[in-house]
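The chain contents come next:
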Amino acid sequence: RDGGYSLVAMRRAHPGLFQHPMSTPSVLEDTLAEARRLGLRAECVEARFDVDCAVDLSWLAQARAQQPELPCPRTLAFLDANGLWEQGGRLESRPTRSEAEPSEVPEPECER
């Protein structure tokens, strides 16, 4: 969704493979292009949820409300078991920065 990836498997190190800018919308495309340049074979598997920050959790909650059987059962079970959102996949309201005590300030949202 955000252009990134979560897994790279190699039999040995390949210097230069990750020398391009990371955390960009094109990081997957850039990594695949560099792999081709280095003569490496690359395969992509089915896309999964990439939860990096609160914005991504919000997106996951919306997706779950529309499609209860998402391909991330462990993530959903963890969120449910720890009360990090309501059972139906809706995020509980959290205090805003202006409402929160300093110890309750939510993590900053991802910059996109």
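Coordinates for the structure precede this section.
Residues numbered from 1 in each chain as written. Predicted model: local features only at pLDDT ≥ 70, side-chain atom pairs only at ≥ 80, totals over all residues. Heavy atoms only, no water.

K.L.:
I would appreciate a short explanation of the layout of surface pockets in the present structure.
P.N.:
In this approach the atoms are scanned with a rolling probe the size of a water molecule, which exposes any empty space left behind. The space that makes up the largest pocket amounts to roughly 1,000 Å³. In this structure, the largest pocket is lined by 28 residues; those nearest its centre are Leu 7, Val 8, Ala 9, Glu 43 and Cys 44. Among the residues forming the lining of the largest pocket, the class breakdown is 15 nonpolar, four polar and nine charged. (1 Å grid on protein atoms, 1.4 Å probe; cavity = no way out; pocket = protein on both sides within 12 Å on 5 of 7 lines; lining within 4 Å. Points joined across faces, edges and corners; volume = space filled by probe spheres on them. Nonpolar A, V, L, I, M, F, W, Y, C, P; charged D, E, K, R; others polar.)

K.L.:
Would you mind showing me how to read the side chain of Glu 34 here?
P.N.:
If you trace the backbone, Glu 34 turns up in helix α1 (residues 27–37). Looking at Glu 34, the relative accessible area reads 16%, which means it is buried. Here Arg 37 takes part through its side chain, which lies 2.6 Å from a polar atom of the side chain of Glu 34. Once residues lying within four places of it in the same chain are set aside, the contact partners of Glu 34 are Gly 16, Leu 17 and His 20. (Helix = DSSP H or I, 4+ residues; strand = E, 2+ residues; numbered from the N terminus. Buried < 20%, exposed > 50% of the residue type's maximum accessible area, 1.4 Å probe, protein only. Polar contact = N/O pair within 3.5 Å; in protein donor to acceptor, adjacent residues only side chain to side chain. Contact = heavy atoms within 4.5 Å.)

K.L.:
Would you explain the nonpolar core in this entry?
P.N.:
Side chains of nonpolar character tend, in soluble globular proteins, to be buried together. One finds Leu 57, Leu 60, Ala 61, Ala 63, Leu 70, Cys 72, Leu 76, Leu 79 and Trp 85 forming the largest nonpolar core, which totals nine residues. Of all the secondary structure elements, the ones that give two or more residues to this core are α2 (54–66) and α3 (73–81). In terms of residues, this core owes the most to one element, α2, which gives four residues. For Cys 72, the contacting residues outside a window of four places in its chain are Phe 49 and Leu 60. (Core = buried A, V, L, I, M, F, W, Y, C linked by side-chain atoms within 4.5 Å.)

K.L.:
So what exactly am I meant to see when it comes to the side chain of His 20 here?
P.N.:
Position of His 20 relative to the elements: it lies in the segment before α1. At 3.4 Å, the side chain of His 20 forms a polar contact with the backbone oxygen of Leu 17. Leaving out residues up to four positions away in the same chain, His 20 has contacts with Val 27, Asp 30, Thr 31 and Glu 34.

K.L.:
For this particular structure, what's the right way to read the environment of Arg 41?
P.N.:
Along the chain, Arg 41 turns up in the loop between α1 and α2. As a C-alpha pair, Arg 41 and Met 10 span 31 residues in sequence and 10.0 Å in three-dimensional space.

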